[in-house]
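Fold and contact review
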Amino acid sequence: MLIDDVKIKVVAGSGGKGAVAFNKNLMSLGPVGGTGGKGGDVCVEGISDLSGLNKFRFKKEFKAKPGQNGRGQFCDGSDGGDLILLVPVGTVIHNLDTGVDVEITKIGERKVIAQGGKGGRGNFHFRSSTNTTPKQFEYGQSGEVFEVRFELKLIADVGFVGLPNVGKSSLLNELTNAKTKVANYPFTTLEPNLGVYYDLILADIPGLIEGASKGKGLGIRFLRHVERTKILFHFISADSADPVLDYETVRNELAAYNKELLEKPEYVFISKKDLVFSEVINGMIDKFKGLGKEAVPVSIFDWDSIEFVKKILGVLVLEKTESGI
């Protein structure tokens, strides 16, 4: 099960207490209390593992180590170790207390989401000409405590969208080494599946239905994953009773969620073309021409159509490689 939305509590380490101490060396006088160490920060770091949020499913509180107390003879306390939380690339960290959002977009990228407290000063720092034997000290500051929400938004080059059971998973399996579940009933895909075609990441987004943007079907949960894709492959089943309506249904749900999704480059494919006669396919192509869209019929059982899709992907691979993205 892919966990892509989870809330946790993060607690940064508190600073150590400053020390009250006086010089023990012969013929030496004065305060020598050291400063407490800084508390550990809570950080997030990007990893490639999409299941990285699963470990936050049951454990809900994460604490960094506190700083050590200061000691005598000018010995400052050690800083507390930072706590590194590993999250998948594409995760948005929402601070529910401050309203500040942080995004992790690269593997190895690290950002602080809760800062550790500053260590308290020891009595050495309170010495003066009128206070030669100070007994003052400071307690360390508390670390920041926040409620945060981790929201995974997949970063893929190509997103496969369409109504349920239109053959998205079958084509993903054919093009890549993905082993996604395939069956002749709706909602076979219950979570996003990824495949790699050379340098491209292909994402099979679970089927969308009318009202998905309002929580119907598999709901709004998976619409977030379309946001980060660069290009959309829109699939319409060849055995559809109303292909244009199917197309507009998905487009309307994308617009209801985020109108910017309609501005992404799009390819329209008539999938499962082996299920109907060529006359039906030609009629569907003409209907989409009326919308100003070029629809391409494909089938995993037709080598020529698969090669056509591969040519499209080949151009995208070349564009990505040349741009250095």
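Residues numbered from 1 in each chain as written. Predicted model: local features only at pLDDT ≥ 70, side-chain atom pairs only at ≥ 80, totals over all residues. Heavy atoms only, no water.

A look at the overall build of the protein
If you tally the helices and strands in the protein, you get five helices and 14 strands. A burial count over the protein gives 48% of its 325 residues as buried. (Helix = DSSP H or I, 4+ residues; strand = E, 2+ residues; numbered from the N terminus. Buried < 20%, exposed > 50% of the residue type's maximum accessible area, 1.4 Å probe, protein only.)

Description of the nonpolar core
Grouped together as the largest cluster of nonpolar side chains are 32 residues, with contacts concentrated most on Phe160, Leu175, Leu202, Phe233, Phe269 and Leu313. Where this core is concerned, the elements lending two or more residues are strand E9 (158–162), helix H1 (168–175), strand E11 (200–204), strand E12 (231–237), helix H3 (243–257) and helix H5 (303–323). It is H5 that contributes the most residues to this core, six residues altogether. Setting aside chain neighbours within four positions, we find Leu175 in contact with Phe160, Tyr197, Leu202, Ile306, Val309, Lys310 and Leu313. Counting 23 residues, the second largest nonpolar core, distinct from the first, contains Ile8, Val10, Ala12 and Leu154. (Core = buried A, V, L, I, M, F, W, Y, C linked by side-chain atoms within 4.5 Å. Contact = heavy atoms within 4.5 Å.)

Quick notes on H3
The end-to-end C-alpha separation of H3 is 22 Å, in line with the 21 Å expected for 15 residues at 1.5 Å each. All buried positions along H3 are accounted for by Pro243, Val244, Asp246, Tyr247, Thr249, Val250, Arg251, Glu253 and Leu254. (Expected span 1.5 Å × (residues − 1).)

Observations regarding the packing of H3 against helix H4 (residues 278–290)
For the pair H3 and H4, the least separation of the axes is 10 Å and the interaxial angle reads 45°. Relative to H4, the element H3 lies oblique. Here Pro243, Val244 and Tyr247 of H3 lie close against H4, whose contacting residues are Met284, Lys287 and Phe288. For the contact of H3 with H4, the per-class residue count stands at five nonpolar, no polar and one charged. (Axes fitted to C-alpha atoms, helices over the stretch in contact; angles between N-to-C directions. Parallel < 35°, antiparallel > 145°, perpendicular 65-115°, else oblique. Nonpolar A, V, L, I, M, F, W, Y, C, P; charged D, E, K, R; others polar.)

Things to note about H1
With six of its eight residues buried, H1 lies for the most part within the structure. Among all positions in H1, only Lys168, Ser169, Ser170, Leu171, Leu172 and Leu175 are buried.

So, the pairing of strand E8 (residues 145–152)
For a regular strand, the rule is simple: side chains alternate between the two faces of the sheet. Bridge count for strand E1 (residues 5–11) against E8 is seven bridges, and the pairing is antiparallel. Bridge pairing in E8 places Lys9 opposite Glu147. Sheet topology places strand E5 (residues 91–95) next to E8; five bridges connect them, and they run antiparallel. Across the sheet, residue Asn95 finds its bridge partner in E8, namely Val148. (Pairing = 2+ DSSP bridges.)

A few points about the pairing of E12
Where burial is concerned, most of E12 is hidden: seven out of the seven residues are buried. The alternating pattern of E12 places Ile231, Phe233, Phe235 and Ser237 on one face and Leu232, His234 and Ile236 on the opposite face, and all of these are buried. With five bridges connecting them, E9 and E12 associate as parallel partners. Residue pairing in the sheet places Gly159 in a bridge with Leu232 of E12. Two strands pair when backbone bridges link them, and E12 and strand E13 (residues 266–271) are joined in this way by six bridges, in the parallel orientation. Within the sheet, the bridge partner assigned to Phe233 lies in E13 and is Tyr267. Chirality of the crossover, the property in question, places the unit of E12, H3 and E13 among those that are right-handed. (Right-handed = clockwise from strand over helix to strand, strands pointing away.)

Describing the confidence of the model for the protein
Low pLDDT means the predicted coordinates in that region are not meant to be read closely. On average, residues of the protein score 86 in pLDDT, and 88% of them reach the 70 mark or higher. Within the protein, the element-level pLDDT minimum falls on helix H2 (residues 224–227), averaging 75, and the maximum on strand E3 (residues 61–63), averaging 97. For the stretch residues 181–190, pLDDT sits under 50, and the model shows 24 contacts to residues farther than four places along the chain or on other chains. (pLDDT = per-residue confidence, 0-100.)

Overview of the sheet that holds strand E7 (residues 110–114)
Strand order in the open sheet made by the three strands is E4-E2-E7, with mixed pairing throughout. The open sheet has two edge strands with one neighbour each: strand E4 (83–88) and E7. Going from strand to strand, the sheet's axes swing by 35° on average, the running direction of each strand aside. Direction of pairing for strand E2 (residues 42–47) relative to E4: parallel, over a ladder of six bridges. Bridging across to E4, Gly46 finds its partner in Val87.

Observations regarding the sheet that holds E11
By definition, the strands of a sheet pair up through backbone hydrogen bonds, in either a parallel or an antiparallel sense. The strand order across the open sheet formed by six strands is E10-E11-E9-E12-E13-E14, and the pairing between neighbours is mixed. Each having just a single partner strand, strand E10 (193–197) and strand E14 (295–297) make up the two edges of the open sheet. Adjacent strand axes in the sheet meet at a mean angle of 25° when their direction is disregarded. As paired strands, E13 and E14 are joined by three bridges and run parallel to one another. When the sheet's bridge partners are listed, Phe269 is paired in E14 with Val296. Strands in contact with H3 are E9, E12 and E13; relative to E12, the strand with the most contacts, it is inclined by about 145°.

Describing the pattern of salt bridges
Scanning the entire structure with this criterion turns up 13 salt bridges. We note a salt bridge from Glu61 to Lys63, for which the minimum N-O separation is 3.5 Å. For Lys63, a relative accessible area of 55% gives the class exposed. Across the salt bridge formed by Lys230 and Asp157, the nearest N and O atoms sit 3.4 Å from each other. With Lys230 in the loop between H2 and E12 and Asp157 in the loop between E8 and E9, this residue pair connects regions lying 73 residues apart in the sequence. Using a relative accessible area of 5% as the deciding quantity, one classes Asp157 as buried. Put simply, Asp5, Arg149 and Glu151 are held in one network by salt bridges that share partners. (Salt bridge = Lys/Arg side-chain N within 4 Å of Asp/Glu carboxyl O.)

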